[in-house]
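Observations on chain architecture
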Amino acid sequence: MTTALEVPLDSKIREELPQPPTITQQSPKNYIVDPRENIVIRCEAKGKPQPRFSWTRNGTHFDVEKDPKVTMRPGSGTLLIDISGEKAEAYEGVYQCMATNEHGTALSNNMVIRQSRSPLWSKERNEPVLVQEGAPLVLQCRPPAGLPPPVIFWMDNNFQRLRQDERVSQALNGDLYFSNLKVQDTRSDYICYARFPHTQTIQQKQPITVKVLSMDAINETMAAFLNDTDFFGDSPVGERRPSFVVPTGASSSKMVLRGDVLEMECIAEGLPTPSITWRKEGGDLDSSRTSFKNFHKTLRIVSVTEADAGVYRCTASNHLGSVHHVITVTVRAAPYWVKAPKNLVLSPKETGVITCQATGDPKPDITWLINGILIANAPEDPSRKVEGDSLTFTDVQTGSSAVYQCNASNEYGYLLANSFINVLAEPPRILTAPDKVYQVITNTAAFLDCASFGSPVPKITWFKDGQNSALAGDRYEMHENGTLEIRAVLKLNSGRYTCMAMNALGNRENHVYLEVKEPTRILMQPEYKVVQRNRDVVFECKAKHDPTLVTVMTWLKDNEELPEDERLMVGADSLTINDVTEGDEGTYTCIVNTTLDQDSASARLTVVEQPDPPKDLELTDQRERSVQLTWIPGDDHNSPIRKFIIQYEDALHHPGIWKNLTEVPGTKTTAYLKLSPYVSYTFRVLAVNEVGFSKPSTPSRQYITKPAAPDENPSEVQGAGNEHNNLIISWKPLTGFQSNGPGLQYNVSWRQKDVEKDWTSVTVANVSKFVVSGTPTFVPYELMVRALNDFGSAPEPRVVIGYSGEDLPTAAPDGVQVLVQSSTLAEVRWEPIPLRTVRGRLNGYNVYYWKERSLHGHHTKHHKEQRVLTFSGNRTHGKLPGLEPFSRYALNVRVVNGKGEGPASSRQQFETPEGVPGLPVFLEVIKPTLDSLTLEWGPPSERNGILTGYTLKYQTLNGTELGQLKEISLDSNQTTVTLLNLKYSTRYRFSLSANTAKGEGPAATREAVTIVDEAMASRQVDIATQGWFIGLMCAIALLILVLLIVCFIRRNKGGKYPVKEKEDAHADPEIQPMKDDDGTFGEYSDTEDHKPLKGSRTPSNGTVKKDDSDDSLVDYGEGGDVQFNEDGSFIGQYSGRKERDTAEGNESSEAPSPVNAMNSFV
């Protein structure tokens, strides 16, 4: 059987296609109108061509044009009925709309139009109600019947709703029920109100007066009529079992339609007030659709289904008993669709079926109509066949279009559905937009649309990148709607795709494009964090994505948006939470979205802090020397407790001071504590986790132990004298905690070791030492200190050895010798003194030495300070470093004990040999000429021997080339030398060192330049005044400027550049210009690495300003051994450097003059 055509939703295409009418909007089947407003009965339809509309009223044709009060909207079937001056009830009835064009007629539902009604309450007189206390009562409302029914509620004269509860409640019919009355129920304004929804009017019943009488009031009232007889007794209506007021009897039944709301109520009276319960026999109540109203007296079930049918039992009970009522519920159903009929679009000679499946209880009857006429009364059509709830069409022809109505009805209602058959012959149309671009993620499915329409249904074929063969294979799947599915796409699947739609009437094609993108993946996921409160935490989330897609990062907390909090700072790839609180704990999710996909990752934040203090401390198993302490741990705040620290306070000896007693693991809450006697204990507990310590717990109650003899003796017992004839015995006293009882004292005992057999003892208190007088000098004693109190003594103490006091040594070391090892080092030796002369503990020997004079033949002007070296222990030799060469020294040796030094040994003298001399004091260049230079220097201040002469070395400096090194030996008494036959305008380097018999000392260096030829200088001045020369210099300056700009650009780009370019960008701080006044060089400095030469550019603060570049001279050489050219430039390990084109003595930062520039041409 041919599948029916689906008419596209495109409005343009729909407008072009012929189509039978379709009802699109209509008023409800039961339409209640407000009598104060005009009546609007809606009926809208669509079709091609535009439908015409007509109406029936109560089954007969309704001629709209004949009634001036009724108009029909243009292009619509909606009726407007003007009821001004008329009664709305004149237009009540059953209306039906028909929409017709040349292809058929569609029908609306039968719309029953009724006027809403809010009738007045019938006039009545309500007599006061007198009721005995405890009795039940029903106040009837009986509102007038309205359309729709009114909403009922009870209020008083002040328009306040009456309070309702289990005892007093309103039934579904509006009556007010009292399970039992109380005296406070007496009032005269029980008023029932009825609100009519359509007219929004409220009407009220006449107030009802209720007077609840107690037994005393009733007896007084009746006594006048019954001769003071006590008619009712002295008690109110007594307690009673419950009984149902609504519904009555033991059982009842209720019928409800499927889909409606089922409400069942059970209202009981009794004293005390009964409670109501519900259950369904043989099943459970569906909690999603079931609710209890009116204080459990009403069971309400919405959207009733057949499963809600059955037996329901309500039970009313109080302490006197219970009563049951059974409600049998039957569910019936108005017709409802199983499969509603659908429109059918066919091509000529095709076959199709319209199905109308409906059900209900009882089962509905199915009736077919064509264009609003019973199909049995319509002309026969051999292509149409009715088979129960189906219409079958075979070999349809153009012109067979019509609208068919299916009516399903039973006693509870009906369904009416329009469905048309539309026979079309149309060539293919492509509905998908041309050149549409589809973007998908790698390894996902791509769906390329090719929505089409045609009659017959077009066949769809797909091609890629202009290929002639259609796409086929396991990777491709063609869906019925023409969509091409490509499974698990790869980059190679990108490209242009063509879909072709073909039927017997023609073909159409469309191009779409597929772009395959890289997936979004989170590379750095947020990690689980454990953070202390008030700290900061950062979650990182870095993702990789297709570069052509824009990503948006979103953070969630516990799958919800982040709260508005300035502490939460979302960065480009991170989330920062400042000052973390407990409320920040949770799961944080990072979601990275693109227009095509997303990736997410989550991490948990756990906030920790110090634990809460333990609580409820309790002491159990109390004994003389122990007690058991138990406690309840506090909250650990997400960080497990590692241990508990138990502290105690001794209120007897150290009140207010808490000390640690013991520790237990965090898994325990009990500790067995060992105690000391004579202590007033109070305990507290601290919890410790990874974060820190909790606050101390509330202290326990006080626990006092009984006194006892001391368990231990004083520690750190020592014996030593501070005079040569005494012995001081000292010890560390016991604490009050260690005393174990009152009356703490110490028994001090001593005897001379190996001399005395008996102990000498003394008992002292409140001290920590005892002095024994009259002892020999530095002899050993055996010592003991024992603790005792009012309850006994401590155990036997251990014996300690101590010594009496020391005295100064009586002997000096003998055999002192000095062995000179070098010009700066000597070794001294001596013989040890007898131990008996030490008279104390030997600490070592002190060697005192000093320089007497230099061996140059004159005493030192200022006698140098005496120095001392200490050699610990029983040493017999030592070395004296740091001596001055070619000098005479003296020394002596003394023994040292704990008391001090003994007498000095005999004085010993020794001499140090010569050493190499020091640096010459200065080196200067004076009287420069064209071919000679004169050097002047000062002898070294540290000669370290007898000077034998000087060595002068010099060589030329020409750019990076060094000339031949020449060496001259000079006499020791010589301080100047003139060098002849030098080259004019040439830089020289000089080095001068002094010599002794030991060798050559360090050299002083200096560089200088012979002066320029005066005639040449004169010519230079003349040339510099020429115009051609000035123009040439300007051109050269411009060229240099361009080169500098190019070098600057290359340098910023990170390119390599020669050292020459670097050096030209820096001023050379080592150049020493000539003085302007006398042509001599700047003063010599022997600390070239630390002081700038005179004439160099040095800031006023004494430091050389660092250039913008980080380059230094060391970068180009072998370290600190710096060499210079004749013009003062640095010589490194590179070649090809040009000489500076400046004359000696002109090293300012100003631009070079033409005279200086001319030097390069000479």
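Residues numbered from 1 in each chain as written. Predicted model: local features only at pLDDT ≥ 70, side-chain atom pairs only at ≥ 80, totals over all residues. Heavy atoms only, no water.

Some points on the overall build of the chain
Rule in force here: Secondary structure elements are taken from DSSP: a helix is a run of H or I of four residues or more, a strand is a run of E of two residues or more, and numbering for both begins at the N terminus. Throughout this description, buried means an accessible area under 20% of the type-specific maximum (1.4 Å probe, protein chains only), exposed means over 50%, and partly exposed covers the range between. We call two residues in contact whenever any of their non-hydrogen atoms come within 4.5 Å of each other. Each accessible area is a Shrake-Rupley result for a 1.4 Å probe, and residues are judged covered by the shown protein chains and nothing else.
Per the secondary structure count, the chain includes seven helices and 88 strands. Expressed as a percentage of its 1162 residues, the buried residues of the chain come to 42%. The contacts in the chain between residues at least 6 apart in sequence include a share of 65% that link residues at least 24 apart. Here the chain has roughly 62600 Å² of accessible surface; of this, 49% comes from carbon and sulfur atoms.

Quick word on the sheet that holds strand 80 (residues 933-938)
The condition is simple: The pairing criterion for strands is at least two bridges between them, as found by DSSP. With axes taken as lines fitted to C-alpha atoms, and helix axes fitted only over the stretch in contact, angles between N-to-C directions fall between 0 and 180 degrees.
One open sheet accounts for three strands, arranged 79-80-84; its pairing is antiparallel. In the strand order of this sheet, the two ends are held by strand 79 (922-926) and strand 84 (976-979), each with one partner. Neighbour-to-neighbour, the strand axes of the sheet open up by a mean angle of 20 degrees, direction not taken into account. Sheet analysis places strand 80 next to strand 84, joined by four bridges and oriented antiparallel. Each bridged residue has a counterpart across the sheet, and for Thr 934 the counterpart in strand 84 is Thr 978.

Here we look at the nonpolar core
For soluble globular proteins, nonpolar side chains are generally found buried alongside one another. Condition: Buried Ala, Val, Leu, Ile, Met, Phe, Trp, Tyr and Cys residues that are joined via side-chain atoms within 4.5 Å together make up what is termed a nonpolar core.
Core analysis: the largest hydrophobic core is formed by 29 residues, its most contacted members being Ile 39, Ile 41, Trp 55, Ile 81 and Tyr 95. Broken down by secondary-structure element, the contributors of at least two residues to this core are strand 3 (39-41), strand 4 (43-48), strand 5 (52-57), strand 8 (79-81), strand 9 (93-101) and strand 11 (111-115). In terms of residues, this core owes the most to one element, strand 9, which gives three residues.

Details of the UniProt feature "transmembrane region" (unreviewed entry) in the chain
Counted only if it meets this: UniProt positions are given in the numbering used here, feature names are shortened, and annotations may be inferred rather than shown by experiment.
Under the local residue numbering, the UniProt record ascribes the feature "transmembrane region" (unreviewed entry) to residues 1028-1049. Secondary structure over residues 1028-1049 splits into 100% helix and 0% strand, and the C-alpha atoms at its two ends are 32 Å apart.

Focus on the packing of aromatic side chains
Applied cut-off: A pair of aromatic rings is counted whenever rings of Phe, Tyr or Trp (Trp by its six-membered ring) have centres within 6.5 Å, and the orientation is called stacked for planes under 30 degrees apart, edge-to-face for over 60 and tilted otherwise. For a ring to carry a charge above it, either NZ of a lysine or CZ of an arginine must fall within 6 Å of the ring centroid while also lying within 35 degrees of the normal to the ring plane.
Scanning the model with the defined rule gives 22 aromatic pairs in all. Ring centres of Phe 153 and Tyr 193 lie 5.8 Å apart, and the angle between their planes is 5 degrees; this geometry places the pair in the stacked category. Residue Phe 153 is found in strand 14 (residues 151-155), and its partner Tyr 193 is found in strand 17 (residues 187-196); the two are separated by 40 residues along the sequence. Overall, Phe 153 belongs to the buried group, its relative accessible area being 7%. For the ring pair Tyr 681 and Phe 683, a centre distance of 5.4 Å and an interplane angle of 10 degrees mean the geometry is stacked. Here the two residues Tyr 681 and Phe 683 agree in accessibility, since each one is buried. Counting every residue linked through ring pairs, the aromatic cluster contains Tyr 648, Tyr 681, Phe 683 and Phe 737. Positioned above the aromatic ring of Tyr 803 is the side chain of Arg 841, whose terminal nitrogen or guanidinium carbon lies 5.4 Å from the ring centre. The lysine or arginine in question, Arg 894, covers the ring of Tyr 848, its NZ or CZ lying 4.9 Å from the ring centre.

Some thoughts on the pattern of salt bridges
Cut-off, in case you're wondering: The salt bridge definition used is simple: a Lys or Arg side-chain nitrogen within 4 Å of an Asp or Glu carboxyl oxygen.
A full pass over the atoms with the stated rule returns 41 salt bridges. Where Asp 165 meets Arg 163, a salt bridge forms, and the shortest distance between an N and an O atom there is 2.9 Å. Look at Arg 163 and you get exposed, because its relative accessible area is 67%. Several salt bridges converge on common partners, so that one network encompasses Asp 156, Arg 187 and Asp 189.

Some remarks on the pairing of strand 86 (residues 999-1009)
The pairing of strand 85 (residues 987-996) with strand 86 spans nine bridges and is classified as antiparallel. Across the sheet, the residue bridging to Tyr 988 is Ala 1008, located in strand 86. Linking strand 85 back to strand 86 in an antiparallel pair, the connection comprises two residues.

Some details on empty space enclosed by the protein
For clarity, the threshold we go by: Here a cavity denotes grid points, spaced 1 Å and computed from the protein atoms alone, that fit a 1.4 Å probe unable to get out, and a pocket denotes an open set having protein on both sides within 12 Å along at least 5 of 7 lines; residues with an atom within 4 Å of a point are the lining. Grid points are joined across faces, edges and corners, and a volume is the space filled by probe spheres set on the points. Note on residue categories: nonpolar means Ala, Val, Leu, Ile, Met, Phe, Trp, Tyr, Cys or Pro, charged means Asp, Glu, Lys or Arg, and polar means any other residue, Gly included.
Evaluated as defined, the whole model comprises one cavity of 30 Å³ or more. In this structure, the largest cavity is lined by Tyr 648, Asp 650, His 654, Ile 657, Lys 659 and Phe 737. Secondary-structure elements contributing two or more residues to the lining of the largest cavity are strand 59 (643-650) and strand 60 (654-665). With three residues, strand 60 is the single largest residue contributor to the lining of the largest cavity. By residue class, the composition of the lining of the largest cavity is three nonpolar, one polar and two charged.

Some words on the state of the cysteines
What counts here: Two cysteine sulfur atoms form a disulfide, by the criterion used here, when they sit within 2.5 Å.
Evaluation of the coordinates by the stated rule reveals six disulfides. The partner cysteine of Cys 541 in its disulfide is Cys 590, sulfur to sulfur 2.0 Å. Note on the Cys 541 and Cys 590 pair: the S-S dihedral is about -75 degrees, so by sign convention the disulfide is left-handed. Residue Cys 541 is located in the loop between strand 49 (537-540) and strand 50 (542-544), and its partner Cys 590 is located in strand 55 (residues 586-593); the two are separated by 49 residues in the primary sequence. Along the chain, the cysteines engaged in disulfide bonds are linked according to the scheme 1-2, 3-4, 5-6, 7-8, 9-10, 11-12 when indexed in sequence order.

A word on the side chain of Glu 827
Stated formally: In protein, a polar contact requires one atom able to donate a hydrogen and another able to accept it; more generally it is a pair of N or O atoms within 3.5 Å, and residues adjacent in sequence count only if both atoms are side-chain atoms.
Of note, Glu 827 is situated in strand 73 (residues 826-831). Only 3.1 Å separates the side chain of Glu 827 from the side chain of Arg 829, close enough to count as a polar contact. With residues near it in sequence (within four places) discarded, Glu 827 still touches Gln 817, Val 818, Leu 819, Gln 821, His 877, Gly 878 and Lys 879.

Structural notes on the sheet that holds strand 73
In space, the three strands of this open sheet follow the order 72-73-76, with antiparallel pairing throughout. For this open sheet the edge positions go to strand 72 (814-820) and strand 76 (877-880), each flanked by a neighbour on one side alone. The sheet shows a mean angle of 20 degrees between the axes of neighbouring strands, taken without regard to direction. Examined bridge by bridge, strand 73 and strand 76 share four bridges and lie antiparallel to one another. By the bridge assignment for strand 76, Ala 826 is matched with Leu 880.

Brief notes about unusual backbone geometry
Cis geometry is adopted by the peptide bond preceding Pro 247, which originates at Val 246 and carries an omega value of -10 degrees. Within the fold, Pro 247 resides in the loop between strand 20 (240-246) and strand 21 (251-257). A cis amide bond, omega 5 degrees, links Ser 455 with the succeeding residue Pro 456. Residue placement: Pro 456 occurs in the loop between strand 41 (452-455) and strand 42 (459-464). In this structure, Phe 295 takes a positive phi of about 60 degrees despite not being glycine. With respect to the element layout, Phe 295 can be found in the loop between strand 25 (290-293) and strand 26 (298-301).

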